[in-house]
Amino acid sequence: HAKTKGKRHQYYLPTETDKPFQEVQLENDLRQAIERNEFYLAYQPQFSMKSGKIIGIEALIRWKHPQNGIIPPNDFIPLAEETGLIVQIGNWVLRRACEQIKDWNQRGYPPLHVSVNLSLGQFLDGHLVEMIRQILQETGIAPEHLQLEITESMTADVTYTIETLHQLKQLGVRISMDDFGTGYSSLSYLKNFPLDQLKIDKSFIKDVLKDEKDVAIVKTIIKLSHNLGLEVIAEGVENFQQLALLKENQCDKIQGYLVSPPISAEQIEEKYLQVP
Ligand code: C2E
Ligand code: CA
Ligand code: CA
Ligand code: CA
């Protein structure tokens, strides 16, 4: 056993030497983080423009590193993608998010949907559909209460994407296109993919009050969504002027620091979930 270990080490060393020590350390830590239960989910509320009420939450992963404190997803998701650990981590997120919805259902709170971010590695993994089927079965939540946020990066292989999305739709889950308008893919996917929602990327919302082009883009995405029979949500809403512009143009839902940052499940309960 020791011999094979030694060989493995010899094999890996030359390619790993380029990596900065910190990155190797992070990779090792990431491998252990799942077993050690160091991830948790923050939830950012999503509101209906019409009613002003909370309708759902987006699950956003955080890593409570034992030495380095709380690490945001942008600092470890890319590494998780590179190392393939994203599949395990992503499955954990899906299960945890659905368990949270189940818990609230069982306690009689009004139903919320949960949006879960999928990453490319997870989407390309052959077991995604089966995994989601299993999680829905185990938790017993209504499939339409789970919304998957995909990105344009997943649309490269059109045939595979259409096939996979249709399989997911057959399970009854909802599909939302995240960061809409920031990727490379063509608009033609909008007619071929079974989507339920477009999410206007926060980069278009950010300067919408200063930049006429952003106004045009935002208005066009809202119109486009509605003309295609899709719902549309804006993320990154930080002030009332942005909110007014979105309302004026009939954006269906909003999410952003103006209405709420990502918060804990307990805070969601306290602030938004009162048993009637
Ligand atoms: P995203 O999916 O586009 O998520 C929105 C990000 O914008 C979140 O950052 C959120 O906290 C932040 N945000 C919310 N409201 C505002 C606002 O009003 N203004 C601004 N400037 N930002 C706002 P977070 O939580 O750090 O997540 C960053 C990214 O990490 C996410 O971007 C997503 O791509 C990825 N991510 C997060 N959780 C997961 C996960 O469970 N799985 C995967 N694969 N990726 C995840
Ligand atoms: Ca998202
Ligand atoms: Ca986004
Ligand atoms: Ca993003």
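Just so it is clear, the structure is predicted and the values come from calculations on it, not from any experiment. (Residues numbered from 1 in each chain as written. Chains lettered and ligands numbered in written order. Predicted model: local features only at pLDDT ≥ 70, side-chain atom pairs only at ≥ 80, totals over all residues. Heavy atoms only, no water.)

Peer 1: I'm lost on the site of ligand 1 in this one. Help?
Peer 2: The local shell around ligand 1 holds 21 residues, among which Gln44, Arg62, Asn117, Glu238 and Tyr257 are the closest. At 2.9 Å from a nitrogen atom of ligand 1 is found a side-chain nitrogen or oxygen belonging to Gln44. One nitrogen or oxygen atom from the side chain of Asp179 is found 3.4 Å from an oxygen atom belonging to ligand 1. Protein chains shield 84% of the accessible area of ligand 1, which is 800 Å² for the free molecule. (Near = heavy atom within 4 Å. Polar contact = N/O pair within 3.5 Å; in protein donor to acceptor, adjacent residues only side chain to side chain. Areas by Shrake-Rupley, 256 points an atom, 1.4 Å probe, with all protein chains shown as cover.)

Peer 1: Whenever I open this one, the coordination of the calcium ion (ligand 4) confuses me. Can you help?
Peer 2: Four donors placed tetrahedrally about a metal ideally form angles of 109.5 degrees, and six donors placed octahedrally ideally form angles of 90 or 180 degrees. Within the protein, Asp179 (OD) and Asp179 (OD) serve as the donor atoms for the calcium ion (ligand 4), at 2.8 to 3.1 Å. Separating the calcium ion (ligand 4) and the calcium ion (ligand 3) is a distance of 3.7 Å, and Asp179 donates to both of them. Residue position: Asp179 is located in strand 6 (residues 174–180). (Donors = N, O, S within 2.8 Å, 3.2 Å for Na, K, Ca; no water. Helix = DSSP H or I, 4+ residues; strand = E, 2+ residues; numbered from the N terminus.)

Peer 1: Would you explain the coordination of the calcium ion (ligand 3) in this entry?
Peer 2: Protein coordination of the calcium ion (ligand 3) is provided by Asp178 (OD), Asp179 (OD), Glu235 (OE) and Glu235 (OE), with donor distances spanning 2.2 to 2.5 Å. Motif for the calcium ion (ligand 3), donor spacing along one chain: D-D-x55-E. Between the two metal centres, the calcium ion (ligand 3) and the calcium ion (ligand 2), the spacing is 4.0 Å, with Asp178 acting as a shared donor. One end of the pair, Asp179, is in strand 6; the other, Glu235, is in the loop between strand 8 (231–234) and helix 11 (240–248), and 56 residues separate them in sequence. The exposure class of Glu235 is buried, given its relative accessible area of 8%. (Buried < 20%, exposed > 50% of the residue type's maximum accessible area, 1.4 Å probe, protein only.)

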